[in-house]
Every structure is written in C-alpha cells, then in structure tokens.
Amino acid sequence: MGEIEGTYRVLQTPGSRLGVQKAPGVSTLEPGQNLSTAMASLPAKTHERDLPIKIKLLDNTVEVLDIESKYYGQTLLTEVYKHLNLIESDYFGIEFQNIQSYWIWLEPMKPVIKQVRRPKTTMLRLAVKFFPPDPGQLQEEYTRYLFALQIKRDLAEERLTCSDNTAALLVSHLLQSEIGDFDESEDREHLKTNQYLPNQERIEGKILEFHRKHVGQTPAESDFQVLEIARKLEMYGIRFHLASDREGTKINLAVSHMGVLVFQGNTKINTFNWSKVRKLSFKRKRFLIKLHPEVCGPYQDTLEFLLGSRDECKNFWKICVEYHTFFRLFDQPKPKAKAVFFTRGSSFRYSGRTQKQLVDYIKDSGMKKTPYERRHSKARASTCASNTNMLKQSVPFTEDLRTPGSPASAAAPFHSVHSSSTPPTVLPIFAETSPSSLDTRAPYTRIPEKNTAAPAEVGRKLMQQPGSPMLQGVGFGSLPVDHPQLSSLMLKSSLGLNPAFKVNLNAAGQGSSPLLSPVLSDAGGARIEEDDEMKRKRYPTDKAYFIAKEILATERTYLKDLEVITVWFRSAVIKENAMPEGLMTLLFSNIDPIYEFHRGFLKEIEQRLSLWEGKTNAHMKGDYQRIGDVMLRNMRTLKEFTSYLQKHDEVLTELEKATKRLKKLEVVYKEFELQKVCYLPFNTFLLKPIQRLLHYKLILGRLCKHYTAEHRDFADCRNALKEVVEMTSQLQHSLIRLENFQKLTELQHDLIGIDNLTAPGREFIREGCLYKLTKKGLQQRMFFLFSDMLLYTSKGVTGTNQFKIHGHLPLHGMLVEESENEWAVPHCFTIYSAQKTIVVAASTRLEMGKWMEDLNMAIEMAKKSTEKSGMLLENSVCNRSNRSSDEVSLEQESEDDIHSSHSSLDRQSHHRANTTMHVCWYRNTSVSMTDHSVAVENQLSGYLLRKFKNSNGWQKLWVVFTNFCLFFYKTHQDDYPLASLPLLGYTVSSPVEADGIQKDYVFKLQFKSHVYFFRAESKYTFERWMEVIKRATSSPARSSLLLPKDEKDSHTD
C-alpha cells in the first residue's frame, strides 16, 4: 500500500524508471533488427491465421488483417506499415477504444489479445501518435499527406477546435487537395456529400471564398498548407485526458513535444516543460509531476492531479513517457537488468525509434529514394457518374498489374471492406500504366526503381472506400487520354518528385512543390527560377516587407542556435551524467525561459508574414502589412528576461571552471563540439541571446529610417527601438567582457602549451598568420596578440588539429620597427623583447600595417598597466626558450613543423576546422577583436540560389552568414549545415559581362580561382547580403590603414 506504481525520471536519468523491472532492450535502428523480427522468429504452435482484426486507415478505409492469436502488437504494426509502404512509421500508431470508451494506443511489447478485449468486434484505427512542432521535420511527402488526413479527421471529430475562418481555410485547402481548382457548382455538390466539419453549412460561403484563391495550387502544396495552418493552432495534436486538481477543479491534461499541458476547457493554463520536470509517476488514480526545486520556487515541488481511474492514469503516464523519449532523447534508453526476486511498478518503456534516430535513418540510409507522384485524391462528381460501371470492371485488371515482390504486393493477409457510413457512389481514381492510354489519379503512386524488370506498380494494395481520398489503382484500358474530362484533370494535376531521382515527365504533368529538397541538380534549377519569378510578382514589394522577412529568417536561425544548448547539449550531458546538478540548474534555468519566449515570438512573426503575403485572410491584408506592433509587444516582454541575460557572465565562467575540474565533462564538451550540430565553438552559442538584441536594434533602426513619421507603423517601431536600446545599453559592457572571455576560452581549447589563458585582466587583440625568419628561412606561424603578451605557434600534425606554442614575448619593454631594407624581405618587421628578438613578414603591406598598429597600441597599454604580466607568464606558458635576448632568434625547425606548414584547407581533421584561427592560417590573413565585434553585428540568414562558375543550374539553399563564414543547409529546418565557406580573403562584387550571368540580384564571391555566384530574391535582400559580407570581411577596422585619417574617423563613426 502506498507505493508508487510507475515512475519516470525526465532529466537526470532520461528514459529509465526507478525501482522497476526493465523489459529487454531491442534496437530499432535498422530494418531487420526490430521487435517484429524477434517476434516473428519465436516458435509458433500453429500457423493458422485465426483472428480477423479490423483496422480503419486514415482515409476511413477499413482493412481486415487475419493474424495469429499470439501476435504481438509490434508484429501487427509492422504488417500495417508494410501494407502502406510507410517509411516514417514511428510517427504513427494504432489506437482502439477500451471498455470505458476512451482511446488507448496498442503497445508493441504485448500480445494483441491481451490488450484488445474483443478483437473480432473492436475497430482499431491507424492514427498519428507523435505530432512534431514543425511539419517541415517530416522527410517524405507521403507522410505529410497522411498527417493532412489526420488533421481532416480531427476537424470532423471536433478535436482540432478553431475559429470559423481558420476552419474554412483548412477545409478549402483539403478541397483543393482532393478535387483540384475551384468550380462553384461542383464544390457545393462535393460539400453536400462530404462532411468535413459539424454544421459546415454555416461557413460554406467562406470555404468557397477561400477555395477560389487556391487556383493552380498542387495537392502537395495544399497538404503542406493544411499542416502549416494546423501547427499554429493551440489544439494541434492535443488529446485531452479528463482530470481534476487538488481543489477538485475540472481540468484537462495533455502532452506534447514540449511537455505536459494543463487546460481548462479549451484554454491552456499551464505548461510543464520537460526541462522543468524532474520525475513523472502515478499512484492509483493520482498523476504526479515532480519539478526541479529552482522551478517551483515557494510552491510545492510535486504537483498532483486526479484522473478518472487507475487505468486512465497509467495510460496518460505511458503517453508522457513515450513523448519525452521520442522528442527529447537521442536514442532509446537502455533497459536495466531484470530484478532477480521481485519488482515494483510498471515495466513500460518506449520501444520505437526516437525522432532524431528516425530523421538520421531516413537521411543516411537512402530510404528516401522512392519518389512519389502526388495527385488529386478525388475526381469530380461528374466523372464519377459517367464511369461507375467501368470502374467495377476495372478492379481485376488492377490486381493483375501489381509488381511482383513490391511492398504493395507483399503477401500481407489484407482484404478490404466498405464502411457502412459512406455513400454508395464511387469516385474514380485512375492509375497510369501507359502514357498513351491511362492517367494517374491516385494521390500517391510509388515509382519503382529503374532496374525493376516487372511492369510499373499502379498503386498500393489498398481497396478504397467509396469517396475516400486514399490510394487506389484502377486501370482504364478503353478510355483514351484525350477524353475531355480526363484531359482537364491532367492539366489540373501536378506531381512533386523527390529530386534524388531524375524522371522525365510531360510538361503538363509537372509541378513544383515547396516540400522538395532545395538542393537541386542543374536540371531542377530552371524550375526554381520560374517559381521565384512568380513569387516576386505575387508577394509584396515594399522594403518594409523584406526587412520583416529578414527578422523572420534570422529569428529562425537564432532559435536553431538556442536549440544547440537547450536540446542537443542538454541531451549529451544527461546521457553521460557529466554535469553537476548545480551547474545544470544554472545553465538551463537561464536559457530555457529565453528559448520558450523566442519560440512564441517566432510563431507570431510567421503568422504576421503569412497575413502580409496574403496567404490567409486576404481581405484583411491592409491591417497586417506592418511588423512594428509585433516587435513592440515582444520587446516589452523580452525586457523581463534581462535578469537572465545578466547571468550569462556567471554561466560562462562556471562552465569553464567545471570543464577544467571535471574530466568527464571536459570529454563530453569536446566530443560535442565535434558534432555536426555544433557548427561553431560551443560557448559562442551562449552569447547569442545578448547579441540578438544588437540585431533587433539594427533592424528596427532600418525600419524607422525607411518609414515616414506619418506611417502607421512608425510609432510602434520607434517605441520598440527605444525598448531595445535601453536593454542593450544595460548589457553592452557585459557583452564586451563576455566576448573577450569567450575568445580566450576558445583559444585555450585550441592551443597546446598554455594552462591559464583566461587570466584576469587579459584581453585578446589580434590573431593571424605571419612568416617567421628561422635558420631554414621563412616559416609559417600563427601569432596571438593579447594585452600583456604575444604568442606564436605552429600547426600540429596531431589528430586534434591544434596549434602548438613555440614561444611567448611579454609586451612590457617590447619595441616594434619596420625592417624591410635590413633583411630584404617584403612586408617585414622586427619585434624586440626582453627575452628575444624575432623577424616576421606579413603576406601584404596592409597586413603588416595592421599588426604594427595593434602591437604599438598594446605596448602602450602594457606600459600604463600597473599589473606586471611576467608573473602570469611564469605560471601559464610552457616550453619557455632560454635563448639570449641580444640576438635574433633563428629556430631550428622540427620535421613535424616542416610537414605541418604544408597543410591545406582541404585537409580533414577531428578538430573544429572552421574556427577563425584555422581560416587565418590557410588564408594568410589576420583578424582583430574589433573585427569580431563588427562580424557579430553583420549576421544574416535566408534562401539564396547558388551557382558554381562552370555549372548551368542554380541550387536553392538556406544560407547562414556568421563568424566570417557562410553555412549551407537544405532548408531552414535542418539541424546542421551540409557545408561551409569561410569568407576571409574573399572579395564580394557584382558579376561582370564575362561571367555570363543574365539574372538580376546576383553577387559574386571570389578567392583566387574559386568563384561562386549567389542570387537573391529582391533588390533589398541582394543589397543586404552584399553589405554584411563586405562589412564583416572588409570592415573599417580591417581596411582602415588604406584610408586617410579624416576619412577613417568619419567611416568609424
């Protein structure tokens, strides 16, 4: 009595329950290694299929599967997924109603007959189980199509509650997906026979009005729009579980990707983020949430909710466990060993792939290589009436055309039954078997691989319920392609193809979908250009709109940067249990609230831009062609987070101390920095929240400059700018100190031979490549100038790709003078110090001038400093030289040094290769702290079309410019870049006639023989990319020596 029946620790031991028996772990990373294989291999007493199971699919088609009585849930799930040829299957599940009439999920680890009381009479149904926050995370168009069907089901069942306008908009996109372009009489007829909403007659006029605006929209685009609209609704993916709180107030509990949600009616009143939850458990009817102490504050640390029964409570607890594992963990939790004598509590655990495993599997395994033909899922009613008899005769023909051995024709014991609730009218859906005689009308048709010798597969092995939009293959051998009804349908139909395959199609059947991967082959480039031309004509052209788009694009990148900390790094340290609880609390309690705020802020910007572009509520467009009100409202809210931002100094310091003190944390930290998702030094991400304020300040300043004082948006933009200026003024000094500390810690990790680079009072000034005169001639060296010393290093040949310190020179008493004539070496100067004298040469006169200017400035600062730097150097720098101070140091080079000087930028290593020091090494240049500060202000994100010098096509890429580097992604939803291009040393300009570029808004990047062309969508975007790249790579600080003094001063101002 009184024992906890089931517990789940969310953060400290993710995926494990305390004090309970653990089921044996089964890997599902690869096909053939999952639970279904294990279950299939179990000896069976009989192979008779004696249990008919009825399953309703997402299109309301009812399928009957004959299974053995001892089938496990996983085996049934696998059969259904194979039947549908569903790749991203882990998002889905099978649900059924128990005796109490509430829906529960079929568990993979239990036999079906132990879960479903009356399997012969119970109707199971396929449904979406895990709703990702962004449908763009779904890799396959077919998966998005099934998600759209789930949204359709939720609308009909009144689970997805929303306003009449939104409901009408959703139905209009579903209409476009199913029957094509607007035709009023046929639309009305279709709505009479198909019920999308309860009482939809009330808003039929609005549905038709919205549908009229979707002319030319492909089915794939319609599916995407349905998901885009639905995901912004508060009830998206929400399944209520009736409960009450301690006071007896009736509430609804739900779970989502972000945590446990509490609703009163349909209004969300609280969210317990996974980051705040320490443990989930249940005890009889009571559901318990234990929070972290820093979250609950003066309140109790354990929250209690009362559900209707123990079974309901346990069911909700299981769903929470699965959601947390799927969305928050990198991989499945490893089960603990079975208890020998007895166990307490539930042994339940999530047994599928996590979202990260699933995404990686799709990307890495090549499973996404089977393209789809996405078609309108329903034909017109008139076509249906004229071809009913022909349809009946054609069904056997379809059976004969199935490809032997294909997934759709596998020997799954499925047969179809028709639901009694559907009308008897059959709407024809045609499957293309011959280009000359047939047309493909199925919403999705799998195209077989080129090497398949069998005839083309005409459809999935599914018999469609009348009026259903699901897949069906029906052959019409006697109906010519020039039939007027068919030809009109062909013209309205378009298909989205996976770009990994080049499929030749007639122009009338081709179309472009926003769901396609933007990294296209040259053949796909022309299509993108046409789409962009159409977008330019359709979207607003006001400069304010493009400034607002810049806010949206950079906010998306910023949120992804925060996820590096809140999602990826958290998962890494939790998995290894590497970070002390106090430091975990300090780090994540400061960053999580900021992350959650910006998630909401991003949604608001997306909604406003959608309205501005006229995608929704077009008749209200005039009220939404502004962004100032959104900025003002959110900048005032952001002001409340200033206290969190002020703690970032403490967070950085404590994290650095902990990595030095704890070997396990240091290893996890270094390994994390090698992951693709950590595309910058990790502590750089910790500075992003304060740096983002500077971006808001600059963008709002541009808006205020663009607007006239009389513009309706001017006052809001000006007030928002005032709020941001107030915040930045409070945090400016803190940011300067943090940027210096971040740079010192980054160098500490990359330099071998120094233990305490982050000594108090030390400031970083410049890093870069110089050539040092040695006995073997000029040898390449990296130099690092600080406020108290000058270090010089060579590049190591170890796997870590770090730089090894060769010498250090204290600035106290140092003298620098030009010595080109003395040594007959171009751009040469001599550095005299108390320890030694060295001769170095820069790559250009400009570089020499920058080094001499900064050295002289640093020497003057060191003279005024009361703190002697010699004491610091004695304790921090290793491998000191004992050479006499009155002779020029001509070092003997080791073999390692000689080989390392011939390294190239193409060389791969296990260490970060995109840090500024590595780029400086390969490009023979240098960067100062002032350059870093300028680069922080010049960051940009957005879609660009890229073309190589000798290529024909343009590739659409999501491009992020930060830290002197371009990072390339397929889409803005990607977690890590595909490639990067460091821009130090590159020049940016407009193409010349010899380049043969005939497009507008194109800029050219060139370094020696390396040439890239990038094309922007508008004049404003083109000018912004040119501006930020020029300023960051050729900032006033980097080129000031070329300017006269008076011009330099005005430029700096």
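Residues numbered from 1 in each chain as written. Predicted model: local features only at pLDDT ≥ 70, side-chain atom pairs only at ≥ 80, totals over all residues. Heavy atoms only, no water.

Engineer: Please clarify how the packing of aromatic side chains should be interpreted in this entry.
Structural biologist: Within a pair of aromatic rings, the relevant descriptors are the distance that separates the centres and the angle that separates the planes. If you walk through the whole model with that rule in mind, you get 37 aromatic pairs. Taking the centre distance of 6.4 Å and the plane angle of 70 degrees together, the rings of phenylalanine 783 and tryptophan 851 count as edge-to-face. Highlighted residues: phenylalanine 783 in strand β19 (residues 777-786) and tryptophan 851 in helix α25 (residues 845-864), separated in sequence by 68 residues. The residues phenylalanine 783 and tryptophan 851 share a single accessibility class, namely buried. Relative to phenylalanine 1007, the ring of tyrosine 986 has its centre 5.5 Å away and its plane inclined at 35 degrees; by these criteria the two rings are tilted. Remark: phenylalanine 1007 occurs in strand β31 (residues 1002-1007) and tyrosine 986 occurs in the loop between β29 (979-982) and β30 (987-989); sequence separation between them is 21 residues. Residue classification places tyrosine 986 among the buried positions, given a relative accessible area of 6%. According to the relative accessible area criterion, phenylalanine 1007 is buried, its value standing at 15%. Among the aromatic residues, ring-to-ring pairing joins Tyr91, Phe92, Phe130, Phe131, Phe147, Tyr236, Tyr323, Phe326 and Phe327 into one connected group. Sitting above the plane of the phenylalanine 1007 ring, arginine 923 keeps its charged end 4.7 Å from the centroid. Here arginine 946 stacks its cationic end above the ring of phenylalanine 968, 4.9 Å away from the centre of that ring. (Phe/Tyr/Trp six-rings, centres within 6.5 Å; stacked < 30°, edge-to-face > 60°. Helix = DSSP H or I, 4+ residues; strand = E, 2+ residues; numbered from the N terminus. Buried < 20%, exposed > 50% of the residue type's maximum accessible area, 1.4 Å probe, protein only. Lys NZ or Arg CZ within 6 Å of the ring centre and 35° of its normal.)

Engineer: For this particular structure, what's the right way to read the pattern of salt bridges?
Structural biologist: Taken as a whole, this structure holds 47 salt bridges when the rule is applied. Taking the shortest distance from any N to any O, the salt bridge between glutamate 666 and lysine 663 comes out at 3.7 Å. One end of the pair is glutamate 666 and the other is lysine 663, both in helix α21 (residues 663-673) and three residues apart, which spans about a single turn. Residue class for glutamate 666 comes out partly exposed when judged on its relative accessible area of 23%. Under the relative-accessibility criterion, lysine 663 is labelled exposed at 60%. As a salt-bridge pair, lysine 743 and glutamate 746 come within 3.5 Å of each other at their nearest N and O atoms. One end of the pair, lysine 743, and the other, glutamate 746, are both in helix α23 (residues 714-750), three residues apart, so they sit about a helical turn from each other. (Salt bridge = Lys/Arg side-chain N within 4 Å of Asp/Glu carboxyl O.)

Engineer: In this structure, what is going on with the pairing of β19? I would like to understand it.
Structural biologist: Burial analysis of β19 places eight of its ten residues in the buried class, which makes it a mostly covered element. Two strands pair when backbone bridges link them, and strand β18 (residues 764-774) and β19 are joined in this way by ten bridges, in the antiparallel orientation. Among the inter-strand pairings, glutamate 767 is bridged to a residue of β19, identified as phenylalanine 784. Remark: two residues form the turn of the hairpin made by β18 and β19, two consecutive strands paired antiparallel. Across four bridges, the pairing between β19 and strand β20 (residues 789-795) is antiparallel. From the neighbouring strand, phenylalanine 783 faces β20, where its bridge partner is tyrosine 792. Where β19 folds back onto β20 in an antiparallel hairpin, the turn is made up of two residues. (Pairing = 2+ DSSP bridges.)

Engineer: Would you explain helix α28 (residues 916-923) in this entry?
Structural biologist: The α-helix winds at 3.6 residues per turn, so residues separated by three or four positions along the chain end up facing the same way. Counting buried positions over the eight residues of α28 gives eight, a clear majority of the element. Considered for burial, the residues of α28 that qualify are Thr916, Met917, His918, Val919, Cys920, Trp921, Tyr922 and Arg923.

Engineer: Looking at this model, I keep getting lost on the side chain of glutamine 115. Mind explaining?
Structural biologist: Note that glutamine 115 resides in helix α3 (residues 112-115). A distance of 2.6 Å separates a polar atom in the side chain of glutamine 115 from the backbone nitrogen of glutamate 107. Those residues within four positions of glutamine 115 in sequence are excluded, and the remaining contacts are Phe96, Trp105, Leu106, Glu107 and Lys110. (Polar contact = N/O pair within 3.5 Å; in protein donor to acceptor, adjacent residues only side chain to side chain. Contact = heavy atoms within 4.5 Å.)

Engineer: In this structure, what is going on with the sheet that holds strand β32 (residues 1010-1015)? I would like to understand it.
Structural biologist: The strands that make up a sheet are held in pairs by hydrogen bonds between backbone atoms, and each pair lies either parallel or antiparallel. Strands sit in the order β29-β28-β27-β26-β32-β31-β30 across an open sheet of seven strands; the sheet is antiparallel. Looking at strand neighbours, the two that pair on one side only are β29 and β30, the edges of this open sheet. Here the average twist between neighbouring strands, direction ignored, is 35 degrees. When β30 meets β31, the two strands line up antiparallel, connected through three bridges. (Axes fitted to C-alpha atoms, helices over the stretch in contact; angles between N-to-C directions.)

Engineer: Explain unusual backbone geometry here, please?
Structural biologist: Where the residue is not glycine, phi is negative for most of them; where a peptide bond is considered, it is trans in most cases. Phi angles above zero are rare outside glycine, and asparagine 85 is one such case at about 55 degrees. Tracing the chain through its elements places asparagine 85 in the loop between α2 (73-84) and β4 (92-97). With a phi angle near 60 degrees, tyrosine 1001 is a residue other than glycine that sits in the positive phi range. Within the secondary structure, tyrosine 1001 is located in the loop between β30 and β31. Among the residues examined, tyrosine 1001 registers a relative accessible area of 29% and is labelled partly exposed.

Engineer: Explain the confidence of the model for the chain here, please?
Structural biologist: When pLDDT drops low, the exact placement of atoms in the prediction is not to be read closely. In the predicted model, the chain carries a mean pLDDT of 74, and 69% of its residues have values of at least 70. Considering only residues more than four positions removed or in separate chains, one finds that residues 43-48, a stretch of pLDDT under 50, has five contacts. Segment residues 445-537: pLDDT under 50, and 242 contacts once partners within four positions in sequence are set aside and those in other chains are kept. (pLDDT = per-residue confidence, 0-100.)

Engineer: Honestly, the packing of helix α20 (residues 648-661) against α23 in this entry has me stumped. Any pointers?
Structural biologist: Contact geometry of α20 with α23 gives a least axis separation of 10 Å together with a crossing angle of 15 degrees. Classified by the angle between their axes, α20 and α23 sit roughly parallel to one another. The crossing of α20 and α23 is left-handed. The segment α20 lies against α23, with His648, Asp649, Leu652, Thr653, Glu656 and Lys660 engaging Arg737, Leu738, Phe741, Thr745, Gln748 and His749. Of the residues belonging to the contact of α20 with α23, the class tally is three nonpolar, five polar and four charged. (Parallel < 35°, antiparallel > 145°, perpendicular 65-115°, else oblique. Left-handed = near helix turned anticlockwise from the far one by under 90°. Nonpolar A, V, L, I, M, F, W, Y, C, P; charged D, E, K, R; others polar.)

Engineer: Looking at this model, I keep getting lost on the packing of helix α16 (residues 543-576) against helix α30 (residues 1019-1033). Mind explaining?
Structural biologist: Think of two packed helices as two axes; the pair is described by the angle between the axes and how far apart they sit. Close contact between α16 and α30 brings their axes to 9 Å; oriented N to C, the two are set at 50 degrees. Looking at the two axes, α16 sits oblique to α30. Regarding α16 and α30, the two cross each other, and that crossing is right-handed. Facing Lys543, Phe546, Ile547 and Glu550 of α16, the residues of α30 in contact are Tyr1020, Thr1021 and Arg1024. For the contact of α16 with α30, the per-class residue count stands at three nonpolar, one polar and three charged.

Engineer: Quick question: what am I supposed to make of the side chain of threonine 684 here?
Structural biologist: Structurally, the position occupied by threonine 684 is in helix α22 (residues 682-706). When its relative accessible area of 6% is taken as the criterion, threonine 684 is described as buried. Non-local contacts of threonine 684, meaning those with residues more than four positions away in its chain, are made with Gln742 and Asn963.

Engineer: What exactly am I supposed to notice about the state of the cysteines here?
Structural biologist: By definition, a disulfide links the sulfur atoms of two cysteine residues through a covalent bond. Under the criterion given, the structure shown has zero disulfides. Here cysteine 769 stays free of any disulfide, with the sulfur of cysteine 920 as its closest cysteine sulfur at 8.3 Å. The exposure class assigned to cysteine 769 is buried, which follows from its relative accessible area of 2%. (Disulfide = S-S within 2.5 Å.)

Engineer: Teacher, can you tell me more about the environment of lysine 864 here?
Structural biologist: Turning to its location among the elements, lysine 864 is positioned in helix α25. Measuring from C-alpha to C-alpha, the distance between lysine 864 and histidine 812 comes to 9.8 Å, with 52 residues separating the pair along the chain.

Engineer: What am I meant to see in the nonpolar core here?
Structural biologist: One broad trend across soluble globular proteins is that nonpolar side chains are buried collectively. Counting 101 residues, the largest nonpolar core has Leu76, Phe92, Phe287 and Ile289 as the members making the most contacts within it. Considering each element in turn, this core owes the most residues, nine residues, to helix α10 (residues 310-328). The residues contacting leucine 76, other than those within four sequence positions of it, are Ile53, Ile55, Leu65, Ile67, Ile94, Leu106, Val112 and Leu124. Of all hydrophobic cores here, the second largest spans 85 residues; its members include Val651, Tyr669, Phe672 and Leu738. (Core = buried A, V, L, I, M, F, W, Y, C linked by side-chain atoms within 4.5 Å.)

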